[in-house]
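# Residue-level structure breakdown
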Amino acid sequence: MIWNESYECMGREEMREVQNKRLRTTVEHVYHNSPFYRAKMQELGITPMDIETIDDLVKLPFTTKTDLRDQYPFGLFSVPMSEIVRLHASSGTTGKSVVAGYTRKDLSTWSEVIARTFTSGGCSRNDIFQIAYGYGLFTGGLGAHYGAENIGASVIPISAGNTEKQIQLMTDFGSTALCCTPSYALYLGEAIEDMGIKDKLKLRVGFFGAEPWTEAMRLEIEKKLNIKAYDIFGLTEVIGPGVSYECYAQKGMHINEDHFLPEIINPKTLEPVASGEVGELVFTTITKEGMPVIRYRTKDLTRLMYEPCSCGRTSVRMHKIMGRSDDMLIIRGVNVFPTQIESVLMEFGETAPHYHLYVDRENNTDTFDVHVEVRPENFTDDMSSMLNLRKRIEARIQSVVGIHASVKLVEPRSIERSIGKAQRVTDKRNLYKE
Ligand code: AMP
Ligand code: ZN
């Protein structure tokens, strides 16, 4: 194992001291340099003097995506524009983009936390990294790029898409590490299988994130590409990828908590949940200069794990993201997360991990249709066996999620593949809203 940084295995008390100090510095910084945070703190009647340790975090105001949108484009920057050397933006699905600005030091922090991510997956200067995350305003491509360069690996900045070329370079250049979204990894795996060239690949590891994926999806990708597939997490508002990463134990993602302080809150009461409970993930950046965020509400649902990890890292881990509060569908009064449906579908050997959920409204009742592909070897004209499979899936969704879904088994390769973040839900009910 390669230890990249002593911060990854620092004693808890020592880490707390580092966090206390950095939090104080950050609060001073935003109070004096961000009119937005200064006003928010003044509204609550607090000054930097009130923040001594990380236990005082709860006194600070939350920041939401709406705040960032209202401050579009640069209202949350805490340094003059002349200090900003890079801009990124996340488009999201609705409304204005969220913009992030980085100073030179922020970029160095970013490449450092991504370097930890890659070394924890056993990578080094001897690896050839194929970066198939999109390059551009999206943080995935450039984020992974500089992290891979930082560890001295050879980087192929191919960006997302152009699947044929991806596979050609992967074989010709002998890529050993792949970075992209899990849905694109699956797509690549499928194409490689079709070409029958799996044994020509040198790939041994992949770092996948930017969208939720289940354990079953991991096994599928690992099998298709013959690699170890690691989950990596991040968001533009906090820094981009590199906020947390899995180690070889693949049991939760270690948070780079010397840079990003996590909290889990109840999204309704906004109170912290009891230790280890599921809730909304909140981050405070404690080393960023360009655009620090205080108690940023990610809307991602997970829980924190403080138990020691078998890898020896002492940093807190977060469970795989279970869903986003704004991805949650309410269908006939029942809360449904797309990842729950994915987990159920993946229990069936006959179906492929390609699905799409359609929600609509008819006669004042919600309709819920689940389209899922049947694997080529299981696709048959025998109607009774298809009907039987459909009924079994419907029964399983009913028992796990507590709702009836109409399952439609569709032909192999008929659901659109994605090269970036997959779009798996069409909720037509939104069309009827004012
Ligand atoms: P963006 O800033 O546009 O890259 O989007 C960040 C969001 O992507 C996060 O808030 C999560 O909802 C999602 N995301 C990123 N990484 C992961 C991951 N490993 N697992 C699940 N969701 C993720
Ligand atoms: Zn670990």
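The preceding data block contains the structure.
All of the points below concern the structure found in this document. Remember, predicted model here, so these are calculated numbers, not experimental data.

## Brief notes about the coordination of the zinc ion (ligand 2)
Donor atoms from the polypeptide that bind the zinc ion (ligand 2) are Cys247 (SG), His254 (NE2), Cys309 (SG) and Cys311 (SG), placed at 2.1 to 2.3 Å. All donor residues of the zinc ion (ligand 2) come from one chain, and their arrangement in sequence is C-x6-H-x54-C-x1-C. Separated by 62 residues along the polypeptide, Cys247 in the loop between strand S8 (240–246) and strand S9 (253–255) and Cys309 in the loop between strand S13 (304–305) and strand S14 (317–318) bring together distant segments of the chain. With respect to class, Cys247 is no different from Cys309; both count as buried.

## Some words on a nonpolar patch on the surface
On the surface, Phe74, Met81 and Leu87 cluster together into a nonpolar patch covering about 250 Å² of accessible area. Among the secondary structure elements, Met81 is positioned in the loop between helix H3 (65–70) and strand S1 (84–90).

## Thoughts on helix H7 (residues 182–195)
Helix length check: H7 (14 residues) gives 20 Å between terminal C-alpha atoms against 20 Å at 1.5 Å per residue, within 8%. When you tally the buried positions in H7, you get 10 out of 14 residues, the bulk of the element. By the burial criterion, the buried members of H7 are Pro182, Ser183, Tyr184, Ala185, Leu186, Leu188, Gly189, Glu190, Ala191 and Ile192. The inward-facing, buried residues of H7 abut helix H6 (163–172), strand S5 (177–180), strand S6 (205–209), helix H8 (215–225) and strand S18 (351–362). Taken from the residues just after H7, Gly196 is the one with a positive phi, measuring 65°.

## Details of the sheet that holds strand S21 (residues 425–427)
Strands sit in the order S20-S19-S18-S21 across an open sheet of 4 strands; the sheet is mixed. Across the chains shown, the open sheet's two edge strands, defined by having one partner strand only, are strand S20 (406–410) and S21. The mean angle between the axes of side-by-side strands here comes to 15°, regardless of whether they run parallel or antiparallel. Here S18 runs beside S21; their pairing, made up of 3 bridges, is parallel. Within the sheet, the bridge partner assigned to Val359 lies in S21 and is Asp427. Sheet contacts for helix H10 (residues 383–401): S18, strand S19 (365–374) and S20; angle to S20, the most-contacted strand, approximately 140°.

## As for the site of ligand 1
Near ligand 1 there are 16 residues, and of these Asp231, Ile232, Thr236, Asp300 and Lys421 occur at the shortest range. In this structure, an oxygen atom belonging to ligand 1 sits 2.9 Å away from a side-chain N or O atom of Lys421. Contact with the protein chains covers 90% of the free accessible surface of ligand 1, which is 500 Å². The element best represented in the shell around ligand 1 is strand S7 (residues 228–235), accounting for 5 residues. The class makeup of the residues in the shell around ligand 1 is 7 nonpolar, 4 polar and 5 charged.

Rules used throughout
Residues numbered from 1 in each chain as written. Chains lettered and ligands numbered in written order. Predicted model: local features only at pLDDT ≥ 70, side-chain atom pairs only at ≥ 80, totals over all residues. Heavy atoms only, no water. Donors = N, O, S within 2.8 Å, 3.2 Å for Na, K, Ca; no water. Helix = DSSP H or I, 4+ residues; strand = E, 2+ residues; numbered from the N terminus. Buried < 20%, exposed > 50% of the residue type's maximum accessible area, 1.4 Å probe, protein only. Patch = residues over 30% accessible without salt bridge, like charges linked within 9 Å, V, L, I, M, F, W, Y side chains within 5 Å. Areas by Shrake-Rupley, 256 points an atom, 1.4 Å probe, with all protein chains shown as cover. Salt bridge = Lys/Arg side-chain N within 4 Å of Asp/Glu carboxyl O. Expected span 1.5 Å × (residues − 1). Contact = heavy atoms within 4.5 Å. Pairing = 2+ DSSP bridges. Axes fitted to C-alpha atoms, helices over the stretch in contact; angles between N-to-C directions. Near = heavy atom within 4 Å. Polar contact = N/O pair within 3.5 Å; in protein donor to acceptor, adjacent residues only side chain to side chain. Nonpolar A, V, L, I, M, F, W, Y, C, P; charged D, E, K, R; others polar.

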